[in-house]
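Each chain, written out:
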Protein chains: 2
Amino acid sequence: MNRKEQIEQTAISLFRTQGFAATSMRTLAQSLGMEAASIYAHIRSKEEILQKVCFRLADDFFTGFKNAVNKPGTVTEKLQAAIAEHVQVITENLAAATVFQTEWRHLSDPYLGQMIQLQAQYEAGFRELLITGQTNGEFELTDAHLTARALLASLNGIARWYNPEGKLTPTEIAANFSQLFLRGLIKDQISNS
Amino acid sequence: MNRKEQIEQTAISLFRTQGFAATSMRTLAQSLGMEAASIYAHIRSKEEILQKVCFRLADDFFTGFKNAVNKPGTVTEKLQAAIAEHVQVITENLAAATVFQTEWRHLSDPYLGQMIQLQAQYEAGFRELLITGQTNGEFELTDAHLTARALLASLNGIARWYNPEGKLTPTEIAANFSQLFLRGLIKDQISNS
DNA sequence: CCTACCGATCGGTAGG
DNA sequence: CCTACCGATCGGTAGG
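What you see is a predicted model, and the numbers here were worked out from it, not measured in a lab.

J.: Describe in detail the protein's contact with DNA strand C, supporting the description with residues and values.
T.: Taken together, 15 residues sit near DNA strand C, with Arg3 and Ser38 of chain A together with Met25, Arg26 and Tyr40 of chain B positioned nearest. Protein-adjacent atoms of DNA strand C, using a 4 Å cutoff, are sugar or phosphate at a proportion of 53%. Residue Thr23 of chain B places a main-chain N or O atom 3.3 Å away from a phosphate oxygen belonging to DNA strand C. For DNA strand C, a base nitrogen lies 2.7 Å from a polar atom in the side chain of Arg26 of chain B.

J.: Break down the relation of the copies chain B and chain A for me, citing the residues and quoting the values.
T.: Rotating chain B by 180° and translating it 0.0 Å along the rotation axis places it on chain A, where the RMSD comes to 0.0 Å. The operation mapping one copy onto its partner corresponds to a two-fold rotation axis. Across chain B, the rotation axis passes nearest the C-alpha of Gly184 of chain B, at a separation of 1.9 Å.

J.: Please provide a residue-by-residue account of the nonpolar core, values included.
T.: With 129 residues, the main nonpolar core has Leu79 and Phe177 of chain A together with Leu79 and Phe177 of chain B as its most contacted residues. What Phe177 of chain B contacts, discounting residues up to four positions off in sequence, is Leu146 and Ala150 of chain A together with Ile83, Ser154, Leu155, Ile158 and Trp161 of chain B.

J.: Go over the environment of Arg149 of chain A with me, naming the residues and quoting the values.
T.: Its place among the elements puts Arg149 of chain A in helix H8 (residues 144-156). Note on Arg149 of chain A: relative accessible area 25%, which makes it partly exposed. Separated by 22 residues in the primary sequence, Arg149 of chain A and Arg127 of chain A place their C-alpha atoms 8.4 Å from one another. Not counting chain neighbours up to four residues away, the residues in contact with Arg149 of chain A comprise Glu123 of chain A together with Trp161 of chain B.

J.: Outline the interface of chain B and chain A, supporting the account with residue identities and numerical values.
T.: Opposite the 46 residues of chain B that make contact, chain A presents 46 residues. Counting each side, the surface lost to burial between chain B and chain A is near 3,700 Å², with a carbon and sulfur contribution of 61%. The three residues of chain B that bury the most area against chain A are Leu146, Leu185 and Ile186 of chain B, which together make up 20% of that side's buried surface. Counting the contacts that link chain B with chain A gives two salt bridges. Our enumeration of links across chain B and chain A arrives at 18 residue pairs in polar contact (both at pLDDT 80 or more). A total of seven residues in the side of chain B that touches chain A trace back to one element, the largest contributor, which is helix H10 (residues 170-183) of chain B. Considering only residue class, the side of chain B that touches chain A consists of 20 nonpolar, 14 polar and twelve charged.

J.: Talk me through the pattern of salt bridges; I want residue IDs and the actual numbers.
T.: Throughout the structure, instances matching the rule amount to twelve salt bridges over all chains. Residue Glu103 of chain B is joined to Arg105 of chain A by a salt bridge in which the shortest nitrogen-to-oxygen separation is 2.5 Å. In this pair, Glu103 of chain B is assigned in helix H6 (residues 94-103) and Arg105 of chain A in the loop between helix H6 (94-103) and helix H7 (111-135), connecting two distinct chains. The class of Glu103 of chain B is buried, set by a relative accessible area of 1%. Across the pair Arg149 of chain B and Glu123 of chain B runs a salt bridge whose closest N-O atoms are separated by 3.0 Å. Residue Arg149 of chain B is located in helix H8 (residues 144-156), and its partner Glu123 of chain B is located in helix H7 (residues 111-135); the two are separated by 26 residues in the primary sequence. Salt bridges sharing partners connect three or more residues here, namely Glu123, Arg127 and Arg149 of chain A.

J.: Explain the UniProt feature "DNA-binding region" (unreviewed entry) in chain A to me, using residue names and the numbers behind them.
T.: The UniProt entry lists residues 24-43 of chain A under the feature "DNA-binding region" (unreviewed entry), expressed in the numbering used here. Secondary structure across residues 24-43 of chain A comprises 60% helix and 0% strand; the distance between its end C-alpha atoms is 15 Å.

Quick notes on the rules
- Residues numbered from 1 in each chain as written.
- Chains lettered and ligands numbered in written order.
- Predicted model: local features only at pLDDT ≥ 70, side-chain atom pairs only at ≥ 80, totals over all residues.
- Heavy atoms only, no water.
- Near = heavy atom within 4 Å.
- Polar contact = N/O pair within 3.5 Å; in protein donor to acceptor, adjacent residues only side chain to side chain.
- Least-squares fit on C-alpha atoms with pLDDT ≥ 70 in both.
- Core = buried A, V, L, I, M, F, W, Y, C linked by side-chain atoms within 4.5 Å.
- Buried < 20%, exposed > 50% of the residue type's maximum accessible area, 1.4 Å probe, protein only.
- Contact = heavy atoms within 4.5 Å.
- Helix = DSSP H or I, 4+ residues; strand = E, 2+ residues; numbered from the N terminus.
- Buried area = accessible area lost by both parts, 1.4 Å probe.
- Salt bridge = Lys/Arg side-chain N within 4 Å of Asp/Glu carboxyl O.
- Nonpolar A, V, L, I, M, F, W, Y, C, P; charged D, E, K, R; others polar.
- UniProt positions renumbered as here; feature names shortened; annotations may be inferred.

Below, the structure written as structure tokens:
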């Protein structure tokens, strides 16, 4: 990891805990053991760090989603794969994913507009998967917009509680989410009747 | 609405769009048509506004949850009621709920610690409801912590997309969430077999 | 990567 | 609710 990557990693860690706006270049410099002015030998601006992390994460999420959708199988299986990919991206980039989710609005034009578009596209991907499953009879749902948003919000929430040293692995987390969203909470009463 | 309430409402609106740290008292003053120094005739500090909105919202959520749980009925019905109450609080306090969700970490001690506790308690309330339903055979779930967090994250996400002029009413949104989390996406195959 | 520094802005106070 | 102002801090540049 070269000095530029060190700066970015440290910045992401601070942005995560304090927020982008509340993190000063002097605090960042102190965490790195250097002067604030020296950081500018490696990066152009504070926002450049945020831009890089946001677009990298967005790219990771899209790559994961495309992998999931392009696999052969039922729509149910594709959705399960998309959930697993999304969980993987978050758990493997925990600090960066948190910063992406909570700080992207501090981007300036034109990056802000691009980010909004990318997020709308990603959500649309899930929504279309849901509609495909609805059309072919695999799924039953009332509102694809609401359902896609509910699923994505709960998946993104993982970044707020996932603990790499906890008892749940990313794979187990993904399996639990798939179970929850596909089967729901209500216990099957068939075997009892 | 007196001047103090006007200041708070305007601040909440700015905190929502720009974030707490990125909103200056001068910007707030300009939105109100007054000087920054004059605001301090009505409030003690910038953070005081954030404190007030966070604790008010937390109180609203707890009140709603207690209402839901104290109603007679099955655990399923109580969970449906808790979802409906949560949706109501968000949709009736859209800006304030968004600020609460995204800016509470900018509170200073001891308010920050209190807020963390309150959120843990609220989540525990949902988790215990889920476990009660699991114990009495209404629900089937693998991990109550994960399930409560998934449900709450998706409910909180409503604040990011709810449109008071949109086609979905808060009641409809709550019904869709209950349907999604209780029944899941998979279409019942019973009638086809 | 440092020293020295820029103009701008920050939350907030004094005094009226 | 205003004018006048405080010390502190901001992101960033110049020059080495």
